[in-house]
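# Chains, contacts and geometry: an overview
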Amino acid sequence: MDTLVIQGGQKLKGEISAKGAKNSSLAILAATVLTPEDIKLHNVPRIGDVLTMIDILASMGAKVSWEGA
């Protein structure tokens, strides 16, 4: 497994593009709790595993809403 190590005192910010696959969506959804900022994700599949993750995040106090179709 690869490891990502970030060192330094700079704040992370910006945008990234990731595939809309289930596994990447679940990891990205989990990572959203690491920041107090509002996060807007695009191209997230509306499937059972993702909906379950959203329920888990909501039970932790996250506010989640779907926009579009």
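Residues numbered from 1 in each chain as written. Predicted model: local features only at pLDDT ≥ 70, side-chain atom pairs only at ≥ 80, totals over all residues. Heavy atoms only, no water.

Attention shifts here to the pattern of salt bridges. For the coordinates displayed, the defined rule picks out one salt bridge. Here E67 makes a salt bridge to K40, at a shortest N to O gap of 3.4 Å. A residue pair is termed long-range when its members are at least 10 positions apart, and E67 in the segment after α2 (48–59) and K40 in the loop between α1 (22–31) and α2 qualify at 27 residues. The same class applies to E67 and to K40, which are both exposed. (Salt bridge = Lys/Arg side-chain N within 4 Å of Asp/Glu carboxyl O. Helix = DSSP H or I, 4+ residues; strand = E, 2+ residues; numbered from the N terminus. Buried < 20%, exposed > 50% of the residue type's maximum accessible area, 1.4 Å probe, protein only.)

Turning our attention to the packing of α1 against α2. The N-to-C vectors of α1 and α2 enclose an angle of 5 degrees; their axes lie 10 Å apart at closest approach. Between α1 and α2, the angle falls in the class roughly parallel. Facing K22, S25, L26, L29 and A30 of α1, the residues of α2 in contact are D49, V50, M53, I54 and L57. Residues of the contact of α1 with α2, tallied by class, amount to seven nonpolar, one polar and two charged. (Axes fitted to C-alpha atoms, helices over the stretch in contact; angles between N-to-C directions. Parallel < 35°, antiparallel > 145°, perpendicular 65-115°, else oblique. Contact = heavy atoms within 4.5 Å. Nonpolar A, V, L, I, M, F, W, Y, C, P; charged D, E, K, R; others polar.)

The next point concerns the nonpolar core. In summary, soluble globular proteins display a tendency toward joint burial of nonpolar side chains. If you look at the biggest cluster of nonpolar residues, it comprises six residues: L26, L29, V50, M53, I54 and L57. For L26, the contacting residues outside a window of four places in its chain are D49, V50 and M53. (Core = buried A, V, L, I, M, F, W, Y, C linked by side-chain atoms within 4.5 Å.)

A grouping of V33, L34, I56 and M60 is seen on the molecular surface, where their side chains present a nonpolar patch of about 440 Å² in accessible area. Take V33: it is sitting in the loop between α1 and α2. The exposure class of V33 is partly exposed, given its relative accessible area of 44%. (Patch = residues over 30% accessible without salt bridge, like charges linked within 9 Å, V, L, I, M, F, W, Y side chains within 5 Å. Areas by Shrake-Rupley, 256 points an atom, 1.4 Å probe, with all protein chains shown as cover.)

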